[in-house]
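# Observations on chain architecture
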Amino acid sequence: MTAGAVEPDADLPAAHARPTVRVGAPTERRNPLSVDLDLMSTRDVLTVINEADRRVPAAVAGVLDEIATTVDLAVEALRGGHRVHYFGAGTSGRLGVLDAAELAPTFNSPRHWFCAHLAGGPDAMWRAVEDAEDDDRAGAVEAASCVRIGDLVVGLAASGRTPYVLGALAAARAKGASTVLLCANPEAEAARSVDVFIGVDTGPEVVTGSTRMKAGTAQKLVLNTFSTAVMVRLGRVYSNLMIDMVATNAKLRGRMISILVEATGCSEEVCRQALAEADGDLKTALVSLVSGAEVDAARAALARSADQVRGALALLAP
């Protein structure tokens, strides 16, 4: 039986046997640096975990070219009126849900831009849903129901072989979407069946097979890097300031004032006044203060430049 093959569980009666998979991904191998972990002191356990975690950023650095290609595909899709989908199971899927959920409040992105699909449905955010990740048909059906030509579909699977994810990717390809697989297995066979393969080489986990650790950390870093770069490319950041944020509480309303002060060099009083005149719209206030134009002119310039601050400033330049 080859690694990753499915076989019945011989210890159960045939009527109750369930498929068993022995995965050969690097994430399933034993880490020689954490042997006898259970015999170590608490401090030594933490040191082993920390030293292993330090490998993750370097592993992500090794796939920046692939992430850049994915960013460009996402920007093209979103500018064309299409969507970005995440399909994942377990920790991978939950990280996709987290990334998609954070984009609207951080960058005021339309909620339909990033769609997260989790094997087992919403309940799987809080507890494991039995066998959900093994259902390739469920992934295919989910993708077929919502993915459209021109969309970008990102599959999230630590091992690179999760059936739910691969089923979704296959259905997405059939729909004419671009496909990406993000995993912690550079050797994944599915690399050949997607447009972009991001195989982060995080190696064996400290606790063998516990992919919520290094593999999960790598996926979190890649998703943060990917989605933030997409928002930057779409003009939702000015310099390094989040100018499209939604001020839903006192802290964020204060942050809007701080952003205006940082971006313009104006006093807090002037920035508060500009924001009030712009009816709380941070971009309009920013363009007005930087260009010296009236609020109505700033708002009109933003409308003519697809809501891009630098484009509006160029229109208002003398």
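Here, every reference points to the structure presented above.
My aim in this report is to walk through the structure given alongside it, one point at a time. Because the structure is predicted, anything quoted here is derived from the model rather than measured.

Spatially, the 5 strands line up as an open sheet ordered 4-3-5-6-7, and their pairing is parallel. Of all the strands in the sheet, the pair left with one neighbour each is strand 4 (114–118) and strand 7 (196–199). Adjacent strand axes in the sheet meet at a mean angle of 15 degrees, parallel and antiparallel pairs treated alike. In this sheet, strand 7 lies alongside strand 6 (residues 178–183) in parallel orientation, the contact comprising 4 bridges. Among the inter-strand pairings, cysteine 183 is bridged to a residue of strand 7, identified as glycine 199. Contacts from helix 5 (residues 136–146) reach strand 3 (84–88) and strand 4, with the element oriented near 170 degrees to strand 3.

All right, on to the packing of aromatic side chains then. Inspection of every chain in the model, using the stated rule, returns 4 aromatic pairs. Measuring from centroid to centroid gives 6.2 Å for phenylalanine 87 and tyrosine 164, while their planes differ by 50 degrees, and the two rings are tilted. Of this pair, phenylalanine 87 sits in strand 3 while tyrosine 164 sits in helix 6 (residues 163–175), and the two are 77 residues apart along the sequence. Like phenylalanine 87, the residue tyrosine 164 is buried in the burial classification.

Further remarks concern the nonpolar core. Counting residues in hydrophobic clusters, the biggest one holds 33 residues, and the most contacted among them are Tyr86, Phe114, Val200, Phe226 and Val230. Mapped onto this core, the elements with two or more residues apiece are helix 2 (55–61), helix 3 (64–79), strand 3, helix 4 (90–107), strand 5 (152–156), strand 6, strand 7 and helix 7 (214–233). Tallying contributions element by element places helix 7 first for this core, with 6 residues. Those residues in contact with phenylalanine 226 that lie beyond four places of it in its chain are Ile67, Thr70, Val71, Ala74, Val84, Tyr86, Phe114 and Leu152.

A few words on helix 6. Helix length check: helix 6 (13 residues) gives 18 Å between terminal C-alpha atoms against 18 Å at 1.5 Å per residue, within 8%. All of the buried residues along helix 6 are Pro163, Tyr164, Val165, Gly167, Ala168, Leu169, Ala171 and Ala172. Close packing links the buried residues of helix 6 with strand 3, strand 4, helix 5, strand 5 and strand 6. The positive-phi residue at the C-terminal boundary of helix 6 is glycine 176, with phi of around 90 degrees.

Time to look at the state of the cysteines. Going through the model one piece at a time under the given rule, you end up with 0 disulfides. Looking at the unpaired cysteine 146, the closest cysteine sulfur is the one in cysteine 115, lying at 6.8 Å. You can see cysteine 271 has no disulfide; the closest cysteine sulfur is in cysteine 266, sitting 5.1 Å from it.

The next thing to look at is the packing of helix 11 (residues 295–304) against helix 12 (residues 309–316). Remark: helix 11 packs on helix 12, axes separated minimally by 8 Å, with the N-to-C direction vectors making an angle of 120 degrees. Between helix 11 and helix 12, the angle falls in the class oblique. The two elements helix 11 and helix 12 cross, and the hand of that crossing is right-handed. When helix 11 is examined against helix 12, the residues Ala297, Ala298, Ala301, Leu302 and Arg304 are found in contact with a partner set consisting of Val309, Ala312, Leu315 and Leu316. Considering only residue class, the contact of helix 11 with helix 12 consists of 8 nonpolar, no polar and 1 charged.

Glancing now at unusual backbone geometry. In this structure, aspartate 36 takes a positive phi of about 65 degrees despite not being glycine. Relative to the elements of secondary structure, aspartate 36 occurs in the loop between strand 2 (19–21) and helix 1 (42–53). On the basis of relative accessible area, aspartate 36 is assigned to the partly exposed category, the value being 45%. Positive phi values are uncommon outside glycine, yet alanine 306 reaches one of about 55 degrees. When you line up the elements, alanine 306 lands in the loop between helix 11 and helix 12. Accessibility expressed as a relative area gives 58% for alanine 306, which makes it exposed.

Turning next to the environment of methionine 242. Looking at the element boundaries, methionine 242 is found in the loop between helix 7 and helix 8 (250–264). Put simply, methionine 242 and threonine 106 are 136 residues apart on the chain and 7.3 Å apart in space, counted from C-alpha to C-alpha. If sequence neighbours within four positions are ignored, methionine 242 has contacts with Thr106, Arg236, Arg255, Ile259 and Leu282.

Once that is clear, we can look at the pairing of strand 3. Within a regular strand, the side chains alternate between the two sheet faces. Within strand 3, 5 of the 5 residues are buried, which leaves the element mostly enclosed by the surrounding structure. Residue alternation in strand 3 divides its side chains into two sets, Val84, Tyr86 and Gly88 and His85 and Phe87, and both sets are buried. Two strands pair when backbone bridges link them, and strand 3 and strand 4 are joined in this way by 5 bridges, in the parallel orientation. Residue glycine 88 lies in a different strand from strand 4, and its bridge partner there is leucine 118. Considered for its hand, the β-α-β crossover made up of strand 3, helix 4 and strand 4 is right-handed. Where strand 3 lies against strand 5, 5 bridges are found, and the strand directions are parallel. Pairing of glycine 88 across the sheet is with leucine 156, part of strand 5.

Cut-off values and rules
- Residues numbered from 1 in each chain as written.
- Predicted model: local features only at pLDDT ≥ 70, side-chain atom pairs only at ≥ 80, totals over all residues.
- Heavy atoms only, no water.
- Pairing = 2+ DSSP bridges.
- Helix = DSSP H or I, 4+ residues; strand = E, 2+ residues; numbered from the N terminus.
- Axes fitted to C-alpha atoms, helices over the stretch in contact; angles between N-to-C directions.
- Contact = heavy atoms within 4.5 Å.
- Phe/Tyr/Trp six-rings, centres within 6.5 Å; stacked < 30°, edge-to-face > 60°.
- Buried < 20%, exposed > 50% of the residue type's maximum accessible area, 1.4 Å probe, protein only.
- Core = buried A, V, L, I, M, F, W, Y, C linked by side-chain atoms within 4.5 Å.
- Expected span 1.5 Å × (residues − 1).
- Disulfide = S-S within 2.5 Å.
- Parallel < 35°, antiparallel > 145°, perpendicular 65-115°, else oblique.
- Left-handed = near helix turned anticlockwise from the far one by under 90°.
- Nonpolar A, V, L, I, M, F, W, Y, C, P; charged D, E, K, R; others polar.
- Right-handed = clockwise from strand over helix to strand, strands pointing away.

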